[in-house]
Amino acid sequence: MADIKLVRLSTGEELLAKCENTPVGVKIMDPMILVPLGQGKLGFAKWLPYANTDKGVEIASNYVMFVLDPDVELSTQYTSASSGLVLPSPAGGPQLKITGAP
C-alpha cells in the first residue's frame, strides 16, 4: 500500500500523492499540487489534469528534491479531496485552512 507523502520536485512544485519508491525514483498516484491562496490558506488542484494519471506517474530521482510525511491535518484533507470522503480532523491537531477539490 502506498503512503501519502509530500513531494517537492526540482521545478519547485509541491505535490501530495500516494507514493512508492521505485528503482528509478518515486511513483506517485492521485497527485495533487499544493496551491498557496494567501492569508495562511492552501488549496489543492489535480496535478496534470489534462493527462491520464490513473496508473501513476514515475518521476526519476534527479527531479525529486525531497519526500516527506505531510502534517496529519494535510494528509486528512488530501484523503478527503482525492476520495470524496469527508474525514474528521484529528483531535488536538493543528488546524489548517485548506480549500479546493480535484
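Okay, so let's go over this structure. As the structure is a computational prediction, the values presented were derived from the model and not from experiment.

A closer look at the overall build of the chain
Within the chain one finds 1 helix and 7 strands. Listing every helix and strand of the chain by position from the N terminus yields β-β-β-β-β-β-α-β. Within the chain, the fraction of its 102 residues that count as buried is 33%. In the chain, the share of contacts with a sequence separation of at least 24, taken over all contacts with a separation of at least 6, comes to 49%. Per element, the accessible surface of the chain, about 6300 Å² overall, is 56% carbon and sulfur.

Let's talk about the nonpolar core
Counting residues in each nonpolar core, the largest one holds 12 residues, listed as Val-7, Leu-9, Leu-15, Ala-17, Cys-19, Val-26, Ile-28, Ile-33, Trp-47, Val-57, Ile-59 and Val-64. Put simply, the parts of the chain that give this core at least two residues each are β1 (3-9), β2 (14-21), β3 (25-38) and β5 (57-60). Beyond its immediate sequence surroundings of up to four residues, Ile-33 is in contact with Glu-13, Glu-14, Leu-15, Gly-43, Phe-44, Ala-45 and Trp-47. One finds Leu-16, Met-32, Leu-34 and Leu-74 within the second-largest nonpolar core, a separate group that totals 9 residues.

Some remarks on the environment of Thr-79
Of note, Thr-79 is situated in helix α1 (residues 72-83). Each C-alpha atom of the pair Thr-79 and Leu-16 lies 9.8 Å from the other, and the pair is 63 residues apart in sequence.

Comments concerning the pattern of salt bridges
Under the defined criterion, the tally for this structure stands at 3 salt bridges. A salt bridge links Lys-5 to Asp-69; its shortest N-O distance comes to 2.3 Å. Of this pair, Lys-5 sits in strand β1 while Asp-69 sits in the loop between β6 (64-68) and α1, placing them 64 residues apart in sequence. Note on Asp-69: relative accessible area 59%, which makes it exposed.

Concerning α1
The end-to-end C-alpha distance of α1, which contains 12 residues, comes to 16 Å, matching closely the 16 Å that a straight helix rising 1.5 Å per residue would cover. Every buried residue of α1 is listed here: Glu-73, Leu-74, Ser-75, Thr-76, Tyr-78, Ser-80 and Ala-81. Backbone nitrogen of Glu-73 and a side-chain oxygen of the N-cap are separated by 2.9 Å at the start of α1; the cap is Asp-71.

Some details on the pairing of β3
Successive side chains on a regular strand alternate, one facing one side of the sheet and the next facing the other. Pairing geometry for β2 and β3, over 6 bridges, is antiparallel. When the bridges of β3 are listed, Asn-21 appears paired with Val-26. As consecutive antiparallel partners, β2 and β3 are separated by 3 residues. In terms of strand pairing, β3 meets β5 through 4 bridges, oriented antiparallel. Looking at the pairing, Val-26 lines up with Ile-59 of β5. Bridging between β3 and strand β4 (residues 41-46) involves 6 bridges; their strand directions are antiparallel. Opposite Met-32, over in β4, you have Lys-46 as the bridge partner. Hairpin connection of β3 to β4: 2 residues between the antiparallel strands, including Gln-39 at a positive phi of 55 degrees.

Quick notes on the rules
- Residues numbered from 1 in each chain as written.
- Predicted model: local features only at pLDDT ≥ 70, side-chain atom pairs only at ≥ 80, totals over all residues.
- Heavy atoms only, no water.
- Helix = DSSP H or I, 4+ residues; strand = E, 2+ residues; numbered from the N terminus.
- Buried < 20%, exposed > 50% of the residue type's maximum accessible area, 1.4 Å probe, protein only.
- Contact = heavy atoms within 4.5 Å.
- Areas by Shrake-Rupley, 256 points an atom, 1.4 Å probe, with all protein chains shown as cover.
- Core = buried A, V, L, I, M, F, W, Y, C linked by side-chain atoms within 4.5 Å.
- Salt bridge = Lys/Arg side-chain N within 4 Å of Asp/Glu carboxyl O.
- Expected span 1.5 Å × (residues − 1).
- Polar contact = N/O pair within 3.5 Å; in protein donor to acceptor, adjacent residues only side chain to side chain.
- Pairing = 2+ DSSP bridges.

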